[in-house]
Each structure stands twice: as C-alpha cells, then as structure tokens.
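Single-letter residue listing:
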Amino acid sequence: MESTSRRNRVFSNFIALGILQGANFLLPVLVMPFVIRKIGADGYGVVAVAQVVMLMFSTVCDYGFNLTATRELAMHRNDAAKNARLFFTVLGTKMVICIALFLLLLLLITFVPFFKAHFQLYLFGFSWVVGQALLVSWFFQGVEKMKYITIYTLLARSLFVVLVFIFIRERADYRFFILFMGAGSMVAGIFSIVKAIRLCELPVIRPVWSDIKHELKEGWPVMMSNISINTFLSINVFILRLFTNDLIAGYYSVAEKIFLAARQLPVMFSQAVYPPLCQLMQKGKMSTQSFFRSVYIPFLLLMLLAGLLLFGFAPFIISLFLGADSGNAVLLLRLFCFGPLIVCLHIPASQLLMAANQKKSYLRVLTAGAMLNMIGNLLLVQVWGPVGTTVTVLLTELFITVGFNRALYKNKLAGYLSAGAN
C-alpha cells in the first residue's frame, strides 16, 4: 500500500513537473517560428548566445539548492522551524549571489566588445536570472508538492507568450525576448514564495550571515557540477558561432532547443524520484530496488518510444520552425534524438550518488564531461561544423552516463539499484 502511494506521488509530481518544465521550455520553443520570422535566424542566433550567458548566471545563482536544499527538506519536511530557516537562508543566499553576478555583468558590458554591442539585450536579460532566483521550485520539490508552483509558472509563461506576440515586431525587438522571459519568471517567483509561506505555515525568519556562509560552503560542489553540465549543454552554440556565423548558429539553435525540451523529460523524472529516494535509502537496499523496478523501468521504455517518434517526425517538426529553408537542422535533430535516452540511462546512478551525499564523485564526473565537451567542440566543429557540435554533445552525454555508473560501483552503492550487485 505504501509503495503504491509513493508511486502515485511520484507520478503526480512528474505530471506537475511536466507542466512546469513544459511552460519553462516548450512555450519559448513554440514561439520560435514567430520570433524567427520577425528578427531573422541570425537575430535569433544573437539571442541564443545571450541565453547561454544568462543560463550560466542562473546556474551559479541556483547554487545546487535543487539537490542540497531539497535533500535537507526531505529529511525533516514536517519541522516548520527548520524548514523556515532553510527557506529564508536559501533566498537570502540567492540574492547575495544575484548582486555579485550583476556587478560581473556590468564589467563584461564595459570591457568586452561583444557584450557592449548588445548591452540592452544583456541588461534586460538579467531579469530572467532574478526571476529564476526567486522561484522556489526546490522547496516544493522537497516537500513533494510541485502542483502548486506549476499553476503560477504556467500563468507566468503565458504572460511571456502574450508579451512576445504583442511587442516583437521587427529585428530591433530581439533585445526584449529574454526580458519577457524574465518578467514571467519574476511573477512566478513572487507567487511561489507567498504560496510556500502560506502552505507550510512558515514563520518569517531573517537569514543570518553564518547560515548563508554554511549554504555557500555546502552547495559549492553541486553548483560546480551544475555549472559543468550546463556548460556542455549551453556553450555549444557559443563555440559554434565562433567558427561559423549567426545563420548557422540559428539553425543549430533550433534543433538544440527541441533536443533540450525533450531532454527535460528524464530531468523531470529524476527530480520527481529524488525526494522519495532520499527517504527510501534510509530503509535499506530492498526498498530502493523495488522502487526502481516499479517506477524507472516503465519510464525507460517510454523514453525509447519518444526517441523513435522524434526521429520519425523530425522533418515535420523542423518545418514548423524554419519552413523550407532549414539548412541541415533535420539531420541535427535526428542525431539529437539519441540524447534523451542516454540521459535516462544515468538517472538511477546519479540520483543514488546525490542521495548518498557523494557530491565529490558527482562533481568529478560532470567536470570531466564538461572538459571533454569543450575539447570535442573545438576539434569537431572545425571539421564537421554543426554536425560536429551535435556529435560532441552525444559523446559527452554517453561519457557522463558511463562515469556515473562507474562511480556508483566505486562507492559501493550498486546494491541499492540491483540485488545482484555487491
């Protein structure tokens, strides 16, 4: 009975995360055809590069709280006093990081010509970093009540879509695209904070500097891990642009955006199973083995089917965004179809490593993956152009999958996954 209830909770949270991530990733993808018609594929290439920078800033600001703070909440989610202290400490820490990042952005705009040429785009785009910092999805993930934040995020992303269709009319309006994303994120963030306080009856506590320093210290390895994974996911279009042009970067960016949207399926699944997995590890190996058999295996088969469908419908999907003039975007998307399935193969190992607090092993794998991606990109993009970039992404995903599973055995955690393992 308990296992059935847990599966239902995982399924409910996965659906909520699906709507949440669909609002976060799919809506921007769905407005791409309209935006590209207004600002051009090359203009979208400029926006795509700026999005890379803002994503890296947002990753630093998140500081791995989606794993570290979520784990703490899963351990004592019925203790309102501890939850409140953690809640406001994390928010305070994020605001401190936001201020530091904005100062860094001002330095980049002042001294780097590329940033200076599009300074309005980057200044406006920082609103998205602030919005992501305010969004307390990590808290709702920890208490396994993701459905609440989903509603607010969906409304906020709908606001983004409305703003895009109303105000983006010509090429010069490219600088507003990320600003509209930021406006939606800030709306979602403010509503999520109010809902969390009311829902869990959190007393308002002023964060203290000693707690902020503790969170900065604890979250450092996970933040570096997230930086590593987002580096290899985000820097590809930036490196491609260095060796090609805005048009090629724009074509590649369309295929990559669709891949990243599909990649969110295994990412959402891992987020949904992480809190219950942290609790099940306290009960022993039999509990986690049963959990993976009943929840993970069906999802793996679902991802295989999704990859086949994406491969088959790739020409139709690309035509929706780029029309007849699509370059080699169809080929790129078909190559990317293998990516989500590869990611799915490392979910048990990566989540077990984090649930067991093996942050250093987690960091080593992702850091090595980011280095491999950087070297592979610099070599292959000069030979095969955007195809080389795509192949590098897939090789990096495969390397990380192998690395996580190797680390699982090395840390003697394989028994939590399979009864036959030591």
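Residues numbered from 1 in each chain as written. Predicted model: local features only at pLDDT ≥ 70, side-chain atom pairs only at ≥ 80, totals over all residues. Heavy atoms only, no water.

**What about the nonpolar core?**
Rules: Throughout, nonpolar core names a set of buried Ala, Val, Leu, Ile, Met, Phe, Trp, Tyr and Cys residues whose side chains join them through atoms within 4.5 Å. In this scheme, a residue with accessible area under 20% of its type's maximum is buried, one over 50% is exposed, and one in between is partly exposed, where area comes from a 1.4 Å probe on protein chains only. The helix and strand labels rest on DSSP assignments: H or I over at least four residues marks a helix, E over at least two residues marks a strand, and numbering proceeds from the N terminus. By definition, residues are in contact when any of their heavy atoms lie within 4.5 Å.
Ranked by size, the top nonpolar core spans 133 residues in total, and within it Met 54, Phe 87, Tyr 122, Phe 139 and Phe 177 carry the most contacts. Examining the composition of this core, we find that 18 residues originate from one element, helix 2 (residues 32-62), more than from any other. Those residues in contact with Met 54 that lie beyond four places of it in its chain are Leu 105, Tyr 122, Gly 125, Phe 126, Trp 128, Val 129 and Ile 178.

**Comments concerning the packing of helix 17 (residues 359-384) against helix 18 (residues 386-410)**
Angle between the axes and distance between the axes are the two parameters that describe a pair of packed helices. Heads up, the rule is: Axes here refer to lines fitted to C-alpha atoms; in helices the fit is confined to the stretch in contact. Angles between the N-to-C directions go from 0 to 180 degrees. When an angle is under 35 degrees it counts as roughly parallel; over 145 it counts as roughly antiparallel; between 65 and 115 it counts as roughly perpendicular; any other value is oblique. Definitions for this section: a left-handed crossing has its near helix turned counterclockwise from the far helix by less than a right angle. A right-handed crossing has that turn clockwise. Gly counts as polar in this scheme, as do all residues outside two lists: the nonpolar Ala, Val, Leu, Ile, Met, Phe, Trp, Tyr, Cys and Pro, and the charged Asp, Glu, Lys and Arg.
Put simply, helix 17 and helix 18 touch, their axes get as near as 8 Å, and they point 160° apart. Here helix 18 runs roughly antiparallel to helix 17, going by the angle between their axes. For the element pair helix 17 and helix 18, the recorded crossing hand is right-handed. Tallied by class, residues from the contact of helix 17 with helix 18 come to 17 nonpolar, ten polar and no charged.

**Looking at the side chain of Asp 173**
Filter applied, for reference: Positive charges come from Lys and Arg, negative ones from Asp and Glu, while His and the chain ends are left out of the count. We count a salt bridge whenever a side-chain nitrogen from Lys or Arg sits within 4 Å of a carboxyl oxygen from Asp or Glu. Polar contact criterion, stated in full: a pair of N or O atoms within 3.5 Å, where within protein one must be able to donate a hydrogen and the other to accept it, and residues adjacent in sequence count only if both atoms are side-chain atoms.
Note on placement: Asp 173 falls in the loop between helix 8 (146-167) and helix 9 (177-199). For the buried Asp 173, which has no salt bridge, the nearest side chain bearing the opposite charge is Arg 175, at an N-O separation of 4.7 Å. Separated by 2.8 Å, the side chain of Asp 173 and the backbone nitrogen of Arg 169 make a polar contact. Excluding residues within four positions of it along the chain, Asp 173 makes contact with Phe 167 and Ile 168.

**Here's the deal with helix 2**
The following threshold applies: Here, expected helix span is obtained from the residue count minus one, scaled by 1.5 Å. Here the bend at a residue is taken as the angle between two axes, fitted respectively to the seven residues that end there and the seven that start there.
Here helix 2 is 31 residues long, yet its end C-alpha atoms lie only 26 Å apart, well below the 45 Å a rise of 1.5 Å per residue gives. Roughly 105° is the biggest bend found in helix 2, and it falls at Gly 40. Among the 31 residues in helix 2, 25 count as buried, and that is most of the element.

**Brief notes about unusual backbone geometry**
One non-glycine residue, Glu 201, lies in the positive phi region at around 50°. Structurally, Glu 201 is set in the loop between helix 9 and helix 10 (209-243).

**Considering the domain arrangement of the chain**
Interface extent is often summarised as the accessible area lost during association of the parts. What counts here: Domain delimitation in this document rests on an assignment produced automatically or drawn from a domain database. For any pair of parts, buried area is found by adding up, for both, the accessible area (1.4 Å probe) each one loses once the two are put together.
We note that the domain assignment places domain 1 (1-238) and domain 2 (249-416) within the chain. The gap between the C-alpha centroids of domain 1 and domain 2 is 20 Å. At the junction of the two partners, domain 1 supplies 44 residues and domain 2 supplies 51 residues. With both chains or domains summed, domain 1 and domain 2 bury close to 4200 Å², and 70% of this area falls on carbon and sulfur atoms.

**What about the packing of helix 3 (residues 68-75) against helix 11 (residues 246-280)?**
Interaxial distance between helix 3 and helix 11 falls to 9 Å at its minimum, and their mutual angle equals 50°. Put simply, helix 3 runs oblique to helix 11. In the crossing of helix 3 with helix 11, the sense of the turn from one axis to the other is right-handed. Packed against helix 3, whose contacting residues are Thr 70, Arg 71, Ala 74 and Met 75, the element helix 11 presents Tyr 274, Pro 275, Cys 278 and Gln 279 at the interface. Looking at side-chain class alone, the contact of helix 3 with helix 11 contains five nonpolar, two polar and one charged residues.

**What about a nonpolar patch on the surface?**
Note the following rule: Grouping into patches uses exposed residues only, defined as over 30% relative accessible area, and leaves out salt-bridged ones; the cut-off is 9 Å for like charges and 5 Å for nonpolar side chains (Val, Leu, Ile, Met, Phe, Trp, Tyr). To be clear on the numbers: accessible area is Shrake-Rupley with a 1.4 Å probe, and residue cover counts the displayed protein chains and nothing else.
Side chains of Ile 99, Phe 102, Leu 103, Leu 106, Phe 119 and Leu 123 sit close together on the surface and give an oily, nonpolar patch of about 510 Å² of accessible area. Those elements that place two or more of their residues in the nonpolar patch are helix 4 (80-111) and helix 6 (119-134). When residues in the nonpolar patch are grouped by element, the largest group, four residues, is from helix 4. Here Phe 119 lies in helix 6. Residue classification places Phe 119 among the partly exposed residues on the basis of a relative accessible area of 39%.

**Brief notes about the pattern of salt bridges**
Close approach of charged atoms lets side chains of opposite charge pair. Counted by the stated rule, this structure contains three salt bridges. Linking Asp 211 and Arg 85 is a salt bridge whose minimum nitrogen-to-oxygen distance equals 2.7 Å. In this pair, Asp 211 sits in helix 10 while Arg 85 sits in helix 4, placing the two residues 126 residues apart along the sequence. Residue Glu 397 pairs with Arg 263 through a salt bridge whose shortest N-O separation is 2.8 Å. Taken together, the residues span a long stretch of sequence, with Glu 397 in helix 18 and Arg 263 in helix 11 at a distance of 134 residues. With respect to class, Glu 397 is no different from Arg 263; both count as buried.

**Digging into the packing of aromatic side chains**
Short version of the rule: Note on ring pairs: Phe, Tyr and Trp rings are taken, using the six-membered ring of Trp, and paired if centres are within 6.5 Å. Classes follow the plane angle, with under 30 degrees stacked, over 60 edge-to-face and the rest tilted.
A complete count under the given rule lists 23 aromatic pairs for this structure. Judged by centre distance (5.1 Å) and plane angle (85°), the ring pair of Phe 87 and Phe 88 falls under edge-to-face. Across the pair, Phe 88 and Phe 87 agree in class, each one buried. Judged by centre distance (6.1 Å) and plane angle (35°), the rings of Phe 87 and Trp 138 are tilted. With Phe 87 in helix 4 and Trp 138 in helix 7 (residues 137-142), the pair connects residues that are 51 residues apart, well separated along the chain. No difference in accessibility class separates Phe 87 from Trp 138, as the two residues are buried. Here the aromatic residues Phe 87, Phe 88, Trp 138, Phe 139 and Phe 140 are joined through ring pairs into a cluster of three or more.

**Overview of helix 17**
With 26 residues, helix 17 ought to run about 38 Å at 1.5 Å a step, and its terminal C-alpha atoms sit 36 Å apart, in line with that. Most pronounced at Asn 377, the bend in helix 17 amounts to some 30°. All buried positions along helix 17 are accounted for by Lys 359, Ser 361, Tyr 362, Leu 363, Val 365, Leu 366, Gly 369, Ala 370, Asn 373, Gly 376, Asn 377 and Val 381. Remark: Gly 385 follows helix 17 within two positions and exhibits a positive phi of approximately 65°.

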